[in-house]
Amino acid sequence: GDCEVYRGDCTKHGMYDAVLSPEIIWKKCGACDHVFTSGHFTPEVSEVIFSRLKDSRKVGYNLEQNRKVSARIIEKVLPYADSGRWLDVGFGNGALLLTAREFGFEPVGVDLRKDNVNALHQLGVEAYCEQLESLGGIEKCSVVSMMDVLEHVPHPKQFLAAARDLMADGTPLAISMPNSESHLWDYATASGQNPYWGELEHFHNFSRTRLYALLEETGFKPVRFGLSERYRMCMEVIAQRV
């Protein structure tokens, strides 16, 4: 069965609020070793968290630096797709989509924060403020990206399946998140400096092994592994729909 592996202190998190539990209980699946939180937020608590928007997630934030980071992500995707609709799920500050437009892609965004969706509309970008699972009616995409998003999703398997429905065979998926299998992760945990154990907005801590298995279970083939420059201890994977 599942067992508890860590109790994280979330009272120091920038979005902590008295309506939240002061600690996060992390469990490990007895069957596959995946690490996940014990339970999910109620809609009321989710509303509190989504009402607070970090500056780094506002459209246009630090655009010059983020444009350079985004270009390096796009260059890793280009061997698998070099044009067409690029759907970024949870687009945040919009840098990846706006940079993809420079490369000749047609940007499409999905985000649950209305202000960000409105900001993209003002820049002439197709964007939706709804759950990925309800986007089934849109035209299929040439690239889908979810950068530091899947660990925020209560049910990642359904989320990946919804993304796959918007893709044709061979379409690349670009995905990044913290890698719990890195030496740096173990070092930061041992020294009490790992921020992800107290990360209010995360429901999962993925290892590379578990991410690859989940991608294969949901109809994707991982084709490229790398490190992400976006956040600490993160991996960046390209997978193709099969």
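Our subject is the structure that appears above.
Residues numbered from 1 in each chain as written. Predicted model: local features only at pLDDT ≥ 70, side-chain atom pairs only at ≥ 80, totals over all residues. Heavy atoms only, no water.

**Description of the overall build of the chain**
The following threshold applies: Secondary structure elements are defined from DSSP: runs of H or I of at least 4 residues count as helices, runs of E of at least 2 residues count as strands, and each element is numbered from the N terminus. Only protein chains enter the accessibility calculation, which uses a 1.4 Å probe. A residue is then buried if its area is under 20% of the maximum for its type, exposed if over 50%, and partly exposed in between. Contacts are residue-level and defined by heavy atoms, with any inter-residue pair within 4.5 Å sufficient. Per-residue accessibility takes into account occlusion by the displayed protein chains alone, with areas from the Shrake-Rupley method and a 1.4 Å probe. Just so you know, the count uses Lys and Arg for positive and Asp and Glu for negative, and it drops His and the chain ends. Taken as the charge location is NZ of Lys, CZ of Arg, CG of Asp or CD of Glu.
Across its full length, the chain carries seven helices and eleven strands. Across its three principal directions, the C-alpha atoms of the chain cover 45 × 35 × 35 Å. By the burial criterion, 49% of the 242 residues in the chain qualify as buried. Nonlocal contacts in the chain, meaning residues at least 24 apart in sequence, comprise 64% of its contacts between residues at least 6 apart. Per element, the accessible surface of the chain, about 11,500 Å² overall, is 50% carbon and sulfur. For the chain, the centre of its 26 positive side-chain charges and the centre of its 33 negative side-chain charges are spaced 3 Å apart.

**Things to note about the nonpolar core**
Here is a general trend for soluble globular proteins: nonpolar side chains tend to be buried in one another's company. Test applied: Put simply, buried Ala, Val, Leu, Ile, Met, Phe, Trp, Tyr and Cys residues joined by side-chain atoms within 4.5 Å make one nonpolar core.
Residues Leu87, Leu132, Val144, Met146, Leu150, Leu160 and Leu211 are the most contacted members of the largest nonpolar core, which totals 31 residues. When contributions to this core are tallied by element, the ones reaching two or more residues are strand S4 (84–89), strand S5 (105–110), strand S7 (143–147), helix H5 (156–164), strand S8 (172–178), helix H7 (208–217) and strand S11 (234–241). Ignoring any residue separated from it by four or fewer positions in sequence, one finds leucine 160 in contact with Met146, Leu150, Leu173, Ile175, Leu214, Leu215, Thr218 and Phe220. Ranked by size, the runner-up nonpolar core spans 19 residues in total, among them Ala81, Val117, Ala127 and Met147.

**Notes on the sheet that holds S5**
Our working definition: The rule for pairing is simple: two strands pair if DSSP sees at least two bridges between them. Fitted lines through C-alpha atoms give the axes, limited to the stretch in contact for helices. The angle between two N-to-C directions lies from 0 to 180 degrees.
Reading across from one edge, S6-S5-S4-S7-S8-S11-S10 is the order of the seven strands in this open sheet, with mixed pairing throughout. Pairing within the sheet leaves two strands with one partner each, and these edge strands are strand S6 (126–128) and strand S10 (220–227). Averaged over all adjacent pairs, the angle separating strand axes in this sheet is 20°, with direction ignored. Note: S4 against S5, six bridges, orientation parallel. Counted as the bridge partner of aspartate 88 is glycine 109 from S5.

**Overview of helix H4 (residues 114–122)**
The following threshold applies: Think of the arc as the fan of directions from the helix axis to the C-beta atoms.
Among all positions of H4, only Asn116, Val117 and Leu120 are buried. Down the axis of H4, the sector holding all buried residues measures 100°, keeping them to one side. Across from the buried face of H4, at angles greater than 90 degrees, the exposed residues are Lys114, Asp115 and Gln122. The secondary structure elements touched by the buried residues of H4 are helix H3 (95–102) and S6.

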